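A structural walkthrough
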Amino acid sequence: MKVIGKDIGPALDALYADLEARLRTEAESELHVEPFEAGAFSSVDWEPGAAIVSLHNGVPTHALPHIFGVALQHIRQHLDRYPTVVEGPREVYGGDLVRTTLRELIMAPEADSALASLNLDMTWEIEQRHAGLKDLLRDAPKDWDDLDSPGGAFATLQYARFAIEHPAELWASLKGPFAEKLPHAAEQGERVVALVREKGWATPGACLEALVAVRDALNLAAYVGIEDLRNGAVA
């Protein structure tokens, strides 16, 4: 398969074909893949009649299968009616970043679990995320340790995501500096990790429970809603 002009091999052929067919029959939509330049490795956007996967031009070819695979799994999650994170009753500065980070805390591990059997190369991606968190910690403003602020929520969610997803030997080198720089966010992050491990992400219902539990533990309901795509209800 070729995406954004790069040959990524056959590992995702079956998944791509399955989702392409499901989109046509279940959502009357086409699947499009296009390059982009942005801070993220990938994104998925839904437009009338199309699900659009954008892949960063700068990602090396050997790292694309996993990054593209995660994006495809996010489409599968939508079709399977997994929950999503939406705006709450009011908006605050930084709210969108908090919502994105909360969604990825639960939905990224679920996507990875669905890809596990493919043994896709994540080395470059892990290295980039590791370096990125080191940079974030170095430049972290003081309000990221204020648990009542969106910055504090973002830092807490980042801690939890790395604690859950990052390879243990690499996380060990970041955990101490994180706790030293942002002690309150790290402490709250440990509580979030416990919540996520308790609820898990094995089913749409488990993901919904995990998202709501973390949202409520961090008092984010003012600007974070959780939509159950099985029935359209927003918690």
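Check the entry above for the structure.
Residues numbered from 1 in each chain as written. Predicted model: local features only at pLDDT ≥ 70, side-chain atom pairs only at ≥ 80, totals over all residues. Heavy atoms only, no water.

1. Describing the pattern of salt bridges
Where we set the bar: Put simply, a salt bridge is a Lys or Arg side-chain nitrogen that is within 4 Å of an Asp or Glu carboxyl oxygen. Going along the chain from the N terminus, every DSSP run of H or I of four or more residues is numbered as a helix, and every run of E of two or more is numbered as a strand. Summary of the burial criterion: residues with accessible area below 20% of their type's maximum are buried, those above 50% are exposed, and those between are partly exposed, where the area comes from a 1.4 Å probe applied to protein chains only.
Tallied over the entire structure, the rule returns 18 salt bridges. Between Glu125 and Arg129 there is a salt bridge whose closest N-O contact spans 2.9 Å. Here Glu125 and its partner Arg129 are both found in helix 4 (residues 123-139), four residues apart, which amounts to about one turn of the helix. Of the charged contacts, one joins Arg191 and Glu187 as a salt bridge, the two residues approaching to 3.6 Å between their closest N and O atoms. Of this pair, Arg191 and Glu187 both sit in helix 7 (residues 183-199), four residues apart, roughly one helical turn. Of the residues examined, Arg191 reaches a relative accessible area of 43% and is grouped as partly exposed. For Glu187, a relative accessible area of 46% translates into the label partly exposed.

2. So, the environment of Arg197
The test is simple: Contacts: residue pairs with any heavy atoms within 4.5 Å of one another.
On the secondary structure map, Arg197 appears in helix 7. Taking the C-alpha atoms as reference points, Arg197 and Arg129, 68 residues apart in sequence, are found 22 Å from one another. With residues near it in sequence (within four places) discarded, Arg197 still touches Ala163 and Ile164.

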